[in-house]
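A look at the structure
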Amino acid sequence: MTGTYAHAAGFYAGDRPKIVTSRFEYADSHTLERYLATDGYKGLRAALSRSAADVHEEVKNATVLGRGGAGFPAGTKWGLMPQGNFPRYLVVNGDESEPGTYKDRLLMERDPHQLIEGCLIACYAAGLTRCFLYIRGEMATAQERVAAALNEAYAAGYVGRNILGSNFSVDIVLHWGAGAYVVGEETALIESLEGNRGMPRLKPPYFPAAIGLYGQPTIVNNVETLANLPWLARNGAEAYTAIGTKTSPGTRMVAVSGHVKRPGVYEIVNGTTTFRDLLYGDEFCQGIRNGNKLKAFVPGGGSAPWFLPDQLDLPFEASQVGPAGSMLGSGAIMVMDETTDIPHAALTLTRFYAHESCGKCTPCREGGTWLERILTRIVEGNGTDADLEQLIEVGTSICPGDFPHASSERLGLTAVPFPYKMTTICFVGPSAYAPVNSALTLFPEEFESRVTKRNRIPVTAVGGE
Amino acid sequence: MSRLTDTNVAIAHEIIARYPRPKSALIPLLHLSQEQNGYVTDDAMKHIAELVGVTPAEVLGTASFYEMFKFEPVGKYVINICGTMSCALMGSEELLHHAEHRLGVKAGGTTADGMFTIEHAECQAACTEAPCLQVNYRYRFRMTTQQLDVLIDDLAAGKLAEEIPPHGTLARVRQHIPADRSVGAVPPEAPGQEPVWMNGKAAL
Ligand SMILES: Cc1cc2nc3c(=O)[nH]c(=O)nc-3n(C[C@H](O)[C@H](O)[C@H](O)COP(=O)(O)O)c2cc1C
Ligand code: SF4
Ligand code: FES
């Protein structure tokens, strides 16, 4: 089946390998009955019939890259916890709120048991004794589906004490947020879970794997990362790495939104699929709406520097996207066609990050607001050329030095590679500047035509002619 | 006045018991109070402080960080119109203006009859279905101004009462951990001791 499934709005299956979306075609994919009829909890059984260390090794060998944004391999992260310090916790990051990102909510609504099974395998392999599943506050249906699935799973003996009659015991506790983007950052997530204001902590020393929830070693993993584990436990690392590339194995869920003919969520082969495939391919977005020209696209969520048509042939591979000046982030592509007002588009992102600043660091709290106000002034036609300099000055106070950007043949620009330097605790501050910098660097003429020149005119010329 | 009801106190105790430290239950309990009263009242925050063992100021300190908690009455239906990039590219500004015009209030305002609050919201993780909105955190995708009019009419006429509960109610299914299946908030092992299954052997 290739069509969209009405119950999984926006998702298109296609004839590609399916690791995490294999059940989306069923209207009752969220029930235990369907789950058990489609290999459900077989991965858990396979895992429990091996030692925890073996399962951990398998996950390491598969190089399951984190799908939350940073792309750090899960198996390696689990190995970073100090020895001999227990209890250890698993915190599941289901706070999905990076602009453009739409996948974790689908995974929670459409296949909650797959996520639960993934959590169990992670807890078993890494020796984690309690799991907190943190779902974004605004996702009422996801909370409902996961709660119902957990109730079913407890009743059937898949979660809780002595799982499947073994000596493996773990509770999964559903927790939910209350609306704050920054809580998606892992240390803020932990603060929030402790009942505090969701403000990020300094790393070091507060790397969750060392000092996390209640001061104990804690693994924070994204929903999609964990959803990969049941398939991996059933089929093994060799089958997993046979899909995609060596450095980016398996699949990834990607949301493409904006000015394409068929915006949607796609599970794609990692590492090889290119942006051109995604934007123009028949099995994906089928081109730009109304046959328009592509102007620019955001390749990895609202925080990512923008790409131009020049970068379309890059594959979904961090080692190539980084040097080209951006990042893959959370698997979210936002597409702008030729009709887009670039300064205005940038404002819709900068406003987001300015609004979501937690206020802990001055460059982000003040700088984000300044960027938003100046950009608003420019968009409304009240900007001056001094405002353009001011944007860069404020941006540089958040991210000193050259900010990453794409190359442009048209402008004769060479790429500045990712990442950037920053004066803030987390990435919210830099993210407020990323769209401004991309827009200013790649489309300078759209700003220049928008602002009033304020030439300094002296009272009288020297020597008075 | 608006302390938690006995039923909700029982639910609160069940929630608190899941966490190694009671303060972790703050956000879920604030949601519970908002479900009961439609917004978070001062009395409810005092009551939650008692239940969790912190000061009312600490409860307010946490609650005020999070956008979903309202400290004054809001409409029975809170309409959040997404204004972030993907939705903006697909015309969400027009949707917001239309809602403001139609209901006669600005974003952030509540209609005089207490039925509707409109808000300019940020990305709702439905970017491919832009422009989108939520009514009490239930989605409507690919909205047009006409569909928005129909939605407002239907809500006003009570036609969607079954699908969309009044503001404050999120999930209508609660997690329940049966006592005989629960491991407990604190693991059975002594502090510092590794869990029993980490013994180099298969668990099954
Ligand atoms: C401001 C900010 C917001 C973030 N939001 C999310 C989010 O909503 N979901 C998520 O999984 N990770 C998010 N992350 C990344 C997390 O900090 C963390 O790296 C991730 O959850 C780890 O899981 P993974 O290794 O499985 O990817 C965010 C990071 C930052 C800096
Ligand atoms: S960068 Fe912004 S959001 Fe992040 S900790 Fe600093 S002030 Fe808070
Ligand atoms: S931008 Fe509107 S849902 Fe993401």
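As the structure is a prediction and not an experimental result, all values here were calculated from the model. (Residues numbered from 1 in each chain as written. Chains lettered and ligands numbered in written order. Predicted model: local features only at pLDDT ≥ 70, side-chain atom pairs only at ≥ 80, totals over all residues. Heavy atoms only, no water.)

**Thoughts on the overall build of chain B**
As a reminder of what qualifies: Each helix corresponds to a stretch of at least 4 residues labelled H or I by DSSP, and each strand to a stretch of at least 2 residues labelled E; elements are numbered beginning at the N terminus. The quantity called the radius of gyration is restricted to C-alpha atoms. Its globule counterpart is 2.2 Å times the number of residues to the power 0.38. A simple rule labels every residue: compare its accessible area, found with a 1.4 Å probe on the protein chains alone, to the largest value its type can have, and call it buried under 20%, exposed over 50%, or partly exposed in between. Two residues form a contact once any of their heavy atoms are found within 4.5 Å. All accessible areas in this document rest on Shrake-Rupley with a 1.4 Å probe, and a residue is counted as covered only by the protein chains that are shown. Under the convention used here, Asp and Glu are negative, Lys and Arg are positive, and both His and the chain ends fall outside the count. In this description, the location of a charge corresponds to atom NZ of lysine, CZ of arginine, CG of aspartate or CD of glutamate.
On a plain count of helices and strands, chain B comes out with seven helices and four strands. Secondary structure elements in chain B, listed N-terminal to C-terminal, are α-α-α-α-β-α-α-β-β-β-α. Relative to a compact globule of 204 residues, whose C-alpha radius of gyration would be 17 Å, chain B shows 21 Å and is clearly more extended. Taken along the three principal axes of its C-alpha coordinates, chain B extends 60 × 45 × 30 Å. Looking at chain B as a whole, 55% of its 204 residues qualify as buried. A sequence separation of at least 24 residues applies to 64% of the contacts in chain B between residues at least 6 apart. Within the structure as shown, chain B displays about 8700 Å² of accessible surface, and the carbon and sulfur contribution to it stands at 55%. On chain B, the mean spot of the 17 positive side-chain charges and the mean spot of the 24 negative ones are 4 Å from each other.

**Examining the pairing of strand β1 (residues 77-82) of chain B**
Residue and element names in this part refer to chain B. Basically, it comes down to this: Pairing between strands is defined by DSSP: at least two bridges between them are needed.
In terms of residue burial, β1 counts as a mostly covered element, since six of its six residues are buried. With burial as the criterion, each face of β1 is covered, one bearing Y77, I79 and I81 and the other bearing V78, N80 and C82. Sheet topology note: the β1/strand β2 (residues 116-121) ladder contains six bridges and is parallel. Bridge assignment links V78 to a residue of β2, and that residue is T117. By the bridge criterion, three bridges tie β1 to strand β3 (residues 133-135) in an arrangement that is antiparallel. In the strand pairing of β3, I81 is matched with L133.

**Focus: the layout of surface pockets**
Put simply, the test is: Using a grid of 1 Å spacing that covers the protein atoms alone, one calls a set of points a cavity when a 1.4 Å probe fits there but cannot get out, and a pocket when the set is open and has protein on both sides within 12 Å along at least five of seven lines; lining residues are those with an atom within 4 Å of a point. Grid points are joined across faces, edges and corners, and a volume is the space filled by probe spheres set on the points. Residue classes follow a fixed rule: Ala, Val, Leu, Ile, Met, Phe, Trp, Tyr, Cys and Pro count as nonpolar, while Asp, Glu, Lys and Arg count as charged, and any other residue, Gly among them, counts as polar.
Here the second largest pocket defines a volume of roughly 420 Å³. Lining the second largest pocket are 30 residues, and of these E138, H355 and E356 of chain A together with E67 and E122 of chain B lie nearest its centre. Listing elements by their share of the lining of the second largest pocket, those giving two or more residues are α13 (342-356) of chain A together with β2 of chain B. Within the lining of the second largest pocket, the residues separate by chemical class into 13 nonpolar, nine polar and eight charged.

**Description of the site of ligand 1**
Residue and element names in this part refer to chain A. Here is the rule: Note on terminology: near, applied to a residue and a molecule or strand, indicates that one of the residue's heavy atoms is within 4 Å of it. Polar contacts, as counted here, are pairs of nitrogen or oxygen atoms within 3.5 Å of one another; within protein the pair requires one atom able to donate a hydrogen and one able to accept it, and residues that are adjacent in sequence qualify only if both atoms are side-chain atoms.
Neighbouring residues of ligand 1: 18 residues in total, closest G68, K77, N221, N222 and T225. E96 places a main-chain nitrogen or oxygen 3.5 Å from an oxygen atom of ligand 1. Within the side chain of N221, one N or O atom sits 2.9 Å away from an oxygen atom of ligand 1. Bound to the protein, ligand 1 loses 90% of the 610 Å² it would expose on its own. Of the residues forming the shell around ligand 1, the biggest block, three residues, is contributed by strand β4 (residues 218-222). Class assignment for the residues of the shell around ligand 1 results in four nonpolar, eight polar and six charged.

**Overview of the sheet that holds strand β6 (residues 264-269) of chain A**
Residue and element names in this part refer to chain A. Rules: In this description, a line fitted to the C-alpha atoms serves as the axis of each element, helices being fitted only across the stretch in contact, and the angle between N-to-C directions of two axes falls anywhere from 0 to 180 degrees.
Across the sheet, which stays open at both edges, the four strands sit in the order β6-β5-β8-β7 with mixed pairing between neighbours. Lying at the two open borders of the sheet, with one neighbouring strand each, are β6 and β7 (294-298). Taking the axes of each pair of neighbouring strands and ignoring which way they run, one obtains an average angle of 30° across the sheet. Relative to strand β8 (residues 332-337), β7 runs antiparallel, the two being bridged by four bridges. Bridging across to β8, F297 finds its partner in V335.

**Some remarks on the confidence of the model for chain B**
This is how the line gets drawn: Within a predicted model, pLDDT stands for the predictor's per-residue confidence, ranging from 0 to 100.
Looking at chain B, the pLDDT average stands at 97 and 100% of residues meet or exceed 70. Note on the complex model: pTM 0.97, ipTM 0.98.

**Here we look at the packing of helix α15 (residues 385-398) of chain A against helix α16 (residues 428-442) of chain A**
Residues and elements named next belong to chain A. Just so we agree on the cut-off: By definition, turning the near helix anticlockwise from the far helix through less than a right angle yields a left-handed crossing, and turning it clockwise yields a right-handed one.
For the pair α15 and α16, the least separation of the axes is 10 Å and the interaxial angle reads 140°. Judged by the sense of rotation from one axis to the other, the crossing of α15 with α16 is left-handed. Contact with α15, carried on its side by L388, L391, I392, G395 and I398, involves G429, P430, Y433, V436 and L440 of α16 and no other residues of that element. Considered class by class, the residues forming the contact of α15 with α16 number eight nonpolar, two polar and no charged.

**Describing the side chain of D95 of chain A**
All names here are of chain A. Heads up, the rule is: Salt-bridge detection follows one rule: a side-chain nitrogen of Lys or Arg within 4 Å of a carboxyl oxygen of Asp or Glu.
Among the secondary structure elements, D95 is positioned in the loop between β1 (89-94) and α5 (104-110). One buried charged side chain, D95, makes no salt bridge at all; its nearest oppositely charged neighbour is R136, positioned 5.4 Å away. Look past the residues within four positions of D95 in its chain and what remains in contact with it is Y134, R136, A180, Y181, V183, G184 and L189.

**Structural notes on the domain arrangement of chain A**
It is common to give the size of an interface as the accessible area lost on bringing the parts into contact. All names here are of chain A. How we decide: Boundaries between domains were set according to an automatic or database domain assignment. Buried area is a sum: the accessible area each of two parts loses on coming together, probed at 1.4 Å, counted once for each and added.
Partitioning chain A into structural domains gives domain 1 (10-241) and domain 2 (251-448). For domain 1 and domain 2, the distance between their C-alpha centroids amounts to 29 Å. Roughly 2700 Å² is buried in total at the junction of domain 1 and domain 2, and carbon and sulfur atoms are behind 61% of that figure. Considering only the surface of domain 1 that becomes buried against domain 2, Y12, R16 and Y181 emerge as the three largest contributors, covering 24% of it. Where domain 1 meets domain 2, there are one salt bridge. Put simply, E283 and R16 hold a salt bridge, and the shortest N to O gap is 2.8 Å. Counting every contact that joins domain 1 to domain 2 gives 16 residue pairs in polar contact (both at pLDDT 80 or more).

**Comments concerning the interface of chain B and chain A**
Of the residues lining the interface, 73 residues belong to chain B; the matching set on chain A comes to 97 residues. Both sides of the chain B and chain A interface together cover about 6700 Å² of buried area, and 59% of this is carbon and sulfur. It is M85, R181 and W197 of chain B that lose the most area in chain B upon contact with chain A, and together they represent 12% of the buried surface on that side. Our enumeration of links across chain B and chain A arrives at two salt bridges. One salt bridge in this structure joins R172 of chain B and E144 of chain A, with 3.4 Å as the shortest N-O distance. For the interface between chain B and chain A, the tally reads 42 residue pairs in polar contact (both at pLDDT 80 or more). Looking at the side of chain B that touches chain A, the elements that each hand over two or more residues are α2 (26-37), α4 (56-63), α5 (85-89) and β4 (138-140) of chain B. Counted by class, the side of chain B that touches chain A contains 37 nonpolar, 20 polar and 16 charged residues.

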